[in-house]
Amino acid sequence: MIVREADRRDLNEILHLYLYLHEDSIPKDSEHLRTTWESIINDANHHFIVCEADGVIVSSCVCVVVPNLTRAVRPYAFIENVVTHADYRKKGYATACLSYAKKIAQENNCYKMMLLTGSKEEGTLSFYRKAGYNSSDKTAFIQWI
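Residues numbered from 1 in each chain as written. Predicted model: local features only at pLDDT ≥ 70, side-chain atom pairs only at ≥ 80, totals over all residues. Heavy atoms only, no water.

**Student:** Describe unusual backbone geometry, listing the residues and the values that go with them.
**Tutor:** Even without being a glycine, Val73 presents a positive backbone phi close to 60°. In this structure Val73 comes out as exposed when scored by relative accessible area, which is 57%. In this structure, Asn81 is a non-glycine residue whose phi angle is positive, near 55°. Note that Asn81 resides in strand β4 (residues 76-84). (Buried < 20%, exposed > 50% of the residue type's maximum accessible area, 1.4 Å probe, protein only. Helix = DSSP H or I, 4+ residues; strand = E, 2+ residues; numbered from the N terminus.)

**Student:** Tell me about the side chain of Arg4, residues and numbers included.
**Tutor:** Tracing the backbone shows Arg4 in strand β1 (residues 2-5). Of note is the side chain of Arg4, whose polar atom sits 2.7 Å from the side chain of Asp10. A polar contact is formed between the side chain of Arg4 and the side chain of Glu52, at a distance of 2.6 Å. Apart from residues lying up to four places away in sequence, Arg4 is in contact with Asp10, Phe48, Ile49, Val50, Glu52, Ile57 and Tyr100. (Polar contact = N/O pair within 3.5 Å; in protein donor to acceptor, adjacent residues only side chain to side chain. Contact = heavy atoms within 4.5 Å.)

**Student:** Summarise the nonpolar core; cite the residues concerned and give the values.
**Tutor:** Residues Ile49, Cys61, Cys63, Ile79, Val82, Leu98 and Leu115 are the most contacted members of the largest nonpolar core, which totals 22 residues. The greatest single-element share of this core, amounting to 7 residues, is contributed by helix α3 (residues 93-107). When residues no more than four places from it in sequence are discounted, the contact partners of Cys63 are Asn45, His46, His47, Ile49, Ala77, Phe78, Ile79, Ala101 and Ile104. Within the second largest apolar cluster, 14 residues are counted, among which are Phe48, Val50, Val62 and Val83. (Core = buried A, V, L, I, M, F, W, Y, C linked by side-chain atoms within 4.5 Å.)

**Student:** Let's hear about the pairing of strand β3 (residues 56-66): which residues, and what values?
**Tutor:** Of all 11 residues in β3, 8 are buried, a share of seventy percent or more. As paired strands, strand β2 (residues 46-53) and β3 are joined by 8 bridges and run antiparallel to one another. Within β3, the position partnered with Ala53 by the bridge is Val56. Taken together, the 7 bridges between β3 and β4 define a ladder with antiparallel strand orientation. By the bridge assignment for β4, Val64 is matched with Phe78. (Pairing = 2+ DSSP bridges.)

What follows is the structure, encoded as structure tokens:
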């Protein structure tokens, strides 16, 4: 298992992995897609974490460090798009991605990490609890645009 930050060459594998998240197709190659990917890769606060097994990216998450003016001007980290390929689940790959994200948050002096999930499945929620997250400290509201 290798956990690392994604690089430019990983885009295609990540887009295929996202079919196991909530996507039903891979976006067409376009200038907008490539520009967005470059923006993500070049943003020092945007960490795209991937986990490789058998030479293939099998899990990933995104960790964004958000500068902040409260809590003694300490940033916080936001975790999103946690996904593991269906054939590689329950083997510790997503846990490794989340641990890597926590290390990034600690290195950036973040005072908290937040994670949102759209899943209502108890197995998924239990996984996040075991990873150290709780659902009692904050209430999340979503407004879709």
